[in-house]
Amino acid sequence: MSMLARENSDLVEVEALRLLRLLMHVDCSPGRKWNMDTCREIAPLTLEINRLKKARNAVILTHSYVEPEIIYGVGDFKGDSYYLSKKARDAKADVIVFAGAVFMAETAKLLSPGAQVVVPDRQSGCTLADSISGAELRRLKATYPDAVVVCYINCTAEVKAESDICVTSANVFDIVAGLTEKQVLFVPDRLMADNLRTDLVRRGVDKEIISSDGTCIVHEEFTATQIAEARKLFPGARVVAHPECRAEIAQLADYVGSTGAMMDYVRSTNAPYYLMLTECGLVSRLAVEDPEKNFIGGCRLCPYMKLNSLEKIRDALLNPRTDQIVTLEEELAGRATRCIDRMFELAA
Ligand code: 13P
């Protein structure tokens, strides 16, 4: 073996060990079991991506739902939509790779317009974002001309451009409760709107919430039976839910919050078991970062988030195809950015 080949194989071995230490706790990746052999298989790719990242002055933002080999192998920042929006805004990078959903990458482009923003897979969509167009929102606005328009971040730039304020699951309840307007047109998540109404009643805040009809295909599926069975089989289990779940689920849960807040809740409590009512990627993150905790199966996979892969990230960094590059029309981008800036002001 030549000196160069030996150095390379040493590097791969060190990288495989680094990956194994992190990934060995993960057991919800579909069809993947992390051991030294599987870590050796991906180590050349994570090394290549990390080299490309430096060469292109790139940063990789990873939502907690994408596969853990992406988050821990090549990601620079990991978290929920709010956290990643701040990281996109503050990035000093020439290139931002967003491993998440396309609407998140669009948001990154709005917040860092000078950077080239790329998506590993253009099909990594979101049923919420697909549920309403800018034209449909304009029609709703004409029906409710006095309402303040609040968009959940899971929507297209076109819908953001028609909205007054953007929110994420990390700040939706506080921001809406603090608005002076009585009537709120909330798009696109009908189930989050239900949870918002409950929260406003709990706070004693009088508002009328009008919503459009979107739902998240992952969160709408959780059932009360699932919670009842978990509580029966695993006494003392804590149920932790995302606000995209149905109101009935949110009411039965011990805690409701953004994926970042759900992680903080698990880290700061000490229960024998946790039932995480969200996408399985979050359970993988917790398995890596809080390996002493026990998670009862129940999470669900998002088929869109799972389209992200190391190979596609490498291709997007090396030589991005046009469909991987996020572009936004300037005038629309200007309007869309305003509602995100309003969120930063109100959340601060
Ligand atoms: P978070 O911002 O809580 O991570 O939610 C993003 C999302 O798309 C949930 O389905």
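Above: the structure in question.
Residues numbered from 1 in each chain as written. Predicted model: local features only at pLDDT ≥ 70, side-chain atom pairs only at ≥ 80, totals over all residues. Heavy atoms only, no water.

Novice: How should I be thinking about the state of the cysteines in this particular structure?
Specialist: As used here, a disulfide is simply a covalent bond connecting the sulfur atoms of two cysteines. All chains considered together, the criterion is met by one disulfide. Between the sulfur atoms of Cys280 and its disulfide partner Cys299 the distance amounts to 2.4 Å. Disulfide Cys280-Cys299: torsion about the S-S bond near 100 degrees, hence right-handed. In this pair, Cys280 sits in helix α14 (residues 280-289) while Cys299 sits in the loop between β12 (295-296) and α15 (310-318), placing the two residues 19 residues apart along the sequence. Judged by its relative accessible area of 18%, Cys299 falls in the buried class. (Disulfide = S-S within 2.5 Å. Helix = DSSP H or I, 4+ residues; strand = E, 2+ residues; numbered from the N terminus. Buried < 20%, exposed > 50% of the residue type's maximum accessible area, 1.4 Å probe, protein only.)

Novice: Would you mind going over the site of the ligand with me for this structure?
Specialist: Near the ligand you find His63, Tyr65, Asp80, Ser81, Tyr152, Asn154, Ser169, His219, His242, Glu244, Ser258 and Thr259, and these make up its full shell. If the ligand stood free it would expose 300 Å²; the protein chains cover 97% of that surface. Of the residues in the shell around the ligand, the class split is two nonpolar, eight polar and two charged. (Near = heavy atom within 4 Å. Areas by Shrake-Rupley, 256 points an atom, 1.4 Å probe, with all protein chains shown as cover. Nonpolar A, V, L, I, M, F, W, Y, C, P; charged D, E, K, R; others polar.)

Novice: Quick question: what am I supposed to make of the sheet that holds strand β6 (residues 165-167) here?
Specialist: The pairing of strands in a sheet comes from backbone hydrogen bonds and takes either a parallel or an antiparallel form. With respect to topology, four strands assemble into an open sheet ordered β6-β5-β7-β8, the strand pairing being parallel. Across the chains shown, the open sheet's two edge strands, defined by having one partner strand only, are β6 and β8 (208-211). Across the sheet, the axes of successive neighbouring strands diverge by a mean angle of 30 degrees, strand direction being ignored. As judged from the four bridges shared by strand β7 (residues 183-187) and β8, these two strands associate in the parallel manner. Pairing of Phe186 across the sheet is with Ser211, part of β8. Where helix α10 (residues 190-203) meets the sheet, it contacts β5 (148-152), β7 and β8, and its direction lies at approximately 175 degrees from that of β8. Contacting β5 and β6, helix α16 (residues 330-347) runs over the sheet at an angle of about 65 degrees to β6. (Pairing = 2+ DSSP bridges. Axes fitted to C-alpha atoms, helices over the stretch in contact; angles between N-to-C directions. Contact = heavy atoms within 4.5 Å.)

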